[in-house]
Structure formats: C-alpha cells, structure tokens
Amino acid sequence: MSAEASGYDATNITVLEGYEAIRKRPGMYVGSTGIRGLHQLLFEVIGRSVNDVLADGGGCVDVTLMRDGGVRVTDDGPGVPVEAAGDTSSACLETLLTRTHPGAGPGDRRRASWSVYGMGPCVTNALSRRLTAEVRRGQTLWVQEYSRGAAVAPPAAMGPATGSGTSITFWPDAGIFDTTDCSFGVLAKRFREVALLNRGLSISLTDERPPGGVRSVRFQYPDGPRDFVAFLDAETGAQVAPDIIAFEREDARMAGSVEVALSWCGRHVEKIRSFANSVPTLEGGTHADGFRTGVTAAVNTHARQRRLVKMSDPDLTTDRISRGLTAVVSVKLDSPEYQGATRGRLGGGATVHDCVEQAVREHLGTWLAQHPEQAAAIIARIVQETSRN
C-alpha cells in the first residue's frame, strides 16, 4: 500500500524527548510501573550518591522513607556541580536531572552498579510528581525544584552551608505507579549487599512511616566479603565456620579485580553468591565457574600432596567439594560483559574464568598448606561424604 493510500505521512510521527519520552514509556526506563519500578527510582538516585562517595574514598549515604510518601537520599560526597555557581566545566545539576547518562549502567571497576537499567536520576525526576535537589558545595547551599521532570526555576543560592554533599528528595507520581509505598525489607536487603561488597561505604535506611515509631538500620562492614560469608551462614542458622578464607587480587588481564571469601561449615548444601560490579549474577558465569574450578584444583592438589586420599582413588569432584561451602565471589571490571539482556550471567570468555581460577587456586592452596590441621579436617569430611554417597 502506498503512503498516499494509507494516509501515513510526517504528521503521524511524534518526537518525544527528555522527560516526555520517559513518562510516555516508563517501563522502558525502570522495568515496570509496579513496586520493582518504584524501587528502581530510588536505585537511580542512590547509585549516583554511592559512586560519588566511593570515588572520594568512602563516606555515608542516608536514605529516608518519609511519612508523606517522599524518599530522601543524602550523601556526604563532593556535591554535584551547580552551573549557577560558575562551575560550567563539569556536568551540572540540571544536566544530571534532565538528561540520561551516555555511560549509564556498569562503568569502571570503581563504580557500584545497581541494576540493568542505570539511566541516572533524570529518570527519577521524570517519573516523580515533585523533586527537590539540595547541594552543599563551596560553602553555599543550592536548591532547585522540579515538577514532573520540568524545572520550576533555576538553582538558587539559599545561604551558607557547612561540609559538602547532595540531597535529592522525590515523590513518585501516583498517576504512573501502581504503588508509591517502598518495601523496607527489599531495600534493606539490597543496601546490605552493596555495603558488604564495598568497604568504606556506609548506607543507612530510615523509615518514618510505621505508626509505632521510626525504624532505622545502618550497614557498614570493614571486612567486606568476609563479613558477607559470616552473614550468609548466620542467616541460614548454620554454625559460623571459625576459618573464613578471604583474599583480593587485581589482574590486568581482565582489567579488574576479584575478591573472594569462603568457608566450609556443617551444612550439606552449597551457598555461593556471585557478583559483577556489585550486581548479583544470579545465573553465575565465568567468574563463578572459575571459582569452582580453582577450589577443586586447590583441594585435590593439597589432598594428593599430603596423602589425605588414596593414590588409587579418583579426584574429589566439584560437587562433593562444594557441599557445605559458603562463598562470595565478587569481580569488579572496567568493562563487564554479560550474557543476555537481564545481565544475570557474566561473560568475558576464558580471560575472566582463568584469572579467577588462578587466583583461587593459588590463594586457597597457600591457605591449606599454612593450616594443615584445618585442611585435613575439611578434606576428611569431603572424603567421608564421598564414601557415604
């Protein structure tokens, strides 16, 4: 059918830009208009704050669920540059809140990613009925108001300020979302994960909504993944192993680092959690596979060298070695590669696998050699379990 016959011409094309496009198709930017999308609004804001304080060597990010339905995110980072302050060399506040980020999503290894979307606070601004930004920078407090993604007025200097940082308060648009009531439990779980994976970071969550009074938690862990393994064991009611093996290694071959913590406890199930740039990789991937290969190689090598298994016996299998194993495998990469749109499985080919495998094999092998009694007990339990089955 010709264009003339169908009546289709340039007048049928509508060009949407900025907040209009986001409000027209919110699911494309936050995944859904349900509670998952609502939480994504917060993740877009807190992600910027967390990366600001991590780049600055660590700091605090405080999140408050307010009684009137608003959400406030405050950090003690350097403060977003404000164009009206004369700082036009950097991305200014208004740019942050009105434009998607060209490099959004997983960035270099210093960044903690929060989701598969990662479009930036402009998405939160567009999908909120109201947003207020406050910036403490250069001993001045700057404030700017937005309504459904559009600036009400330019940033205004409101007086002197001490310290530095940014505070963004937003009220999700009830005309877009099925609910504007965030889940304290879901948020606390994700905040805990990110704090456990990033030493030096402190995240608090305060809920002003309960009729019985305010509740608040703070997450900060000096030992990172080592604390994560202890938490996982305590969470399942298993006896926390006295020996948690942990290490971190940079490797230029994969343009990143790997951090691992593991222990064997009394359970008979495997509990291995893997992450790439602080995002859970629920389907595993090259880093998780490399970890298992490395553990299997280290255990079998030690068992053979110390004659803890009969020379005629076959090698201990990965499945048997992993029984009772709790582990956290976290890689932070400059350019992570994922398999599939949901980023549930890390790719990166043989490079990531081999780097993680080598690091685990060497560090675990050294630990086993330096702790012969504990190593013998671990391997004896594996051998007994293998014989029993």
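Okay, so let's go over this structure. Within every chain, residues take consecutive numbers counted from 1 along the sequence as written. Where totals are concerned, whole chains, interfaces and linings use all residues; where local detail is concerned, this predicted model gives features only for residues with pLDDT of at least 70, and gives and counts side-chain atom pairs only at 80 or more. To obtain the side-chain values, all non-hydrogen atoms of the structure were included, while hydrogens and water were left out.

## Let's talk about the nonpolar core
Then comes step 1: Definition of nonpolar core: a set of buried residues of the types Ala, Val, Leu, Ile, Met, Phe, Trp, Tyr and Cys, connected through side-chain atoms within 4.5 Å. For each residue, the accessible area found with a 1.4 Å probe, counting protein chains only, is set against the maximum for its type, and the residue is called buried under 20%, exposed over 50%, and partly exposed in between. One finds Ile46, Val50, Trp114 and Phe191 to be the most contacted residues of the largest nonpolar core, which totals 59 residues.
Then comes step 2: Under the scheme used here, helices are H or I runs from DSSP no shorter than 4 residues and strands are E runs no shorter than 2 residues, and both carry numbers assigned from the N terminus. It is helix 4 (residues 35–55) that provides the largest number of residues to this core, a total of nine residues.
Then comes step 3: Apart from residues lying up to four places away in sequence, Val50 is in contact with Val61, Ala112, Trp114, Leu201 and Ile203. Here a residue-residue contact requires only that any non-hydrogen atoms of the pair lie within 4.5 Å.

## A word on helix 11 (residues 349–370)
Then comes step 1: Expected helix span is given by 1.5 Å per residue-to-residue step, counting one fewer step than there are residues. In this model, helix 11 (22 residues) spans 33 Å end to end at C-alpha, consistent with the 32 Å of a helix rising 1.5 Å per residue.
Then comes step 2: Along helix 11, the residues that are buried comprise Val352, Cys355, Val356, Glu357, Ala359, Val360, Leu364, Trp367 and Leu368.

## Quick word on the packing of helix 9 (residues 286–305) against helix 11
Then comes step 1: Taken N-terminus to C-terminus, the directions of helix 9 and helix 11 make an angle of 35°; their axes are 7 Å apart at the nearest point. Every pair of crossing elements has a handedness; the one defined by helix 9 and helix 11 is right-handed. In this structure, helix 9 uses Thr286, His287, Asp289, Gly290, Phe291, Thr293, Gly294, Val295, Ala297, Ala298, Val299 and His302 to contact helix 11, whose residues at the interface are Gly349, Val352, His353, Val356, Glu357, Val360, Arg361, Leu364, Gly365, Leu368 and Ala369.
Then comes step 2: Looking at side-chain class alone, the contact of helix 9 with helix 11 contains eleven nonpolar, nine polar and three charged residues. Inter-axis angles, ranging from 0 to 180 degrees, are taken between N-to-C directions of lines fitted to C-alpha atoms, where helices are fitted over the stretch in contact. For any helix crossing, the convention is left-handed if the near helix is rotated counterclockwise from the far helix by under a right angle, and right-handed if that rotation is clockwise. All amino acids are sorted into three groups, where Ala, Val, Leu, Ile, Met, Phe, Trp, Tyr, Cys and Pro are nonpolar, Asp, Glu, Lys and Arg are charged, and the leftover types, Gly among them, are polar.

## Some details on the pattern of salt bridges
Then comes step 1: In what follows, salt bridge is the name for a side-chain nitrogen of Lys or Arg lying within 4 Å of a carboxyl oxygen of Asp or Glu. One pass over the structure, following the stated rule, counts 20 salt bridges.
Then comes step 2: The partner of Arg361 in a salt bridge is Glu357, and the shortest N-O contact between them spans 2.8 Å. Taken together, the residues span about one helical turn, with Arg361 and Glu357 both in helix 11 at a distance of four residues.
Then comes step 3: With a relative accessible area of 34%, Arg361 lands in the partly exposed category.
Then comes step 4: Counted as one network, the salt bridges with shared partners bring together Asp181, Asp207, Arg209 and Arg215.

## Concerning the packing of aromatic side chains
Then comes step 1: Ring geometry is summarised as follows: Phe, Tyr and Trp rings, the Trp one being its six-membered ring, pair when their centres sit within 6.5 Å, and such pairs are stacked at plane angles under 30 degrees, edge-to-face over 60 and tilted between the two. Taken as a whole and assessed by the stated rule, the structure comprises one aromatic pair.
Then comes step 2: Measuring from centroid to centroid gives 5.6 Å for Phe228 and Phe275, while their planes differ by 40°, and the two rings are tilted. Here Phe228, found in helix 8 (residues 225–235), pairs with Phe275, found in strand 12 (residues 271–276); they are 47 residues apart in sequence, far enough to count as distant. This pair shows no difference in class: Phe228 is buried, exactly as Phe275 is.
Then comes step 3: Consider the ring centre and the ring normal. A charge sits over the ring if Lys NZ or Arg CZ is within 6 Å of that centre and within 35 degrees of that normal. Geometry around Trp171 places Arg130 over its ring, the cationic atom sitting 4.2 Å from the centre.

## Notes on the environment of Glu362
Then comes step 1: Among the structural elements, Glu362 can be located in helix 11.
Then comes step 2: On the basis of relative accessible area, Glu362 is assigned to the partly exposed category, the value being 33%.
Then comes step 3: The spatial distance from the C-alpha of Glu362 to the C-alpha of Ala297 is 9.5 Å, given a sequence separation of 65 residues.

## Some thoughts on the sheet that holds strand 11 (residues 256–264)
Then comes step 1: In spatial order, the strands read 10-11-14-12-13; together these five strands make up an open sheet with mixed pairing. One side of each edge strand has no neighbouring strand; the edge strands of this open sheet are strand 10 (245–251) and strand 13 (279–280).
Then comes step 2: In this analysis, strands are considered paired if DSSP registers two or more bridges between them. Note: strand 12 against strand 13, two bridges, orientation antiparallel. Across the sheet, Phe275 pairs through a bridge with Pro280, a residue of strand 13.
Then comes step 3: The sheet strands contacting helix 8 are strand 10, strand 11, strand 12 and strand 14 (325–333), and the helix crosses strand 14 at an angle near 145°.
Then comes step 4: Helix 11 rests against strand 10, strand 11 and strand 14 of the sheet, and its axis sits at about 140° to strand 10.

## A short note on helix 9
Then comes step 1: With 20 residues, helix 9 extends 28 Å from end C-alpha to end C-alpha; this agrees with the ideal 28 Å at 1.5 Å per step.
Then comes step 2: In the stretch just after helix 9, Arg307 is the one whose phi turns positive, near 55°.

Any functional reading would require information that these geometric values do not contain.
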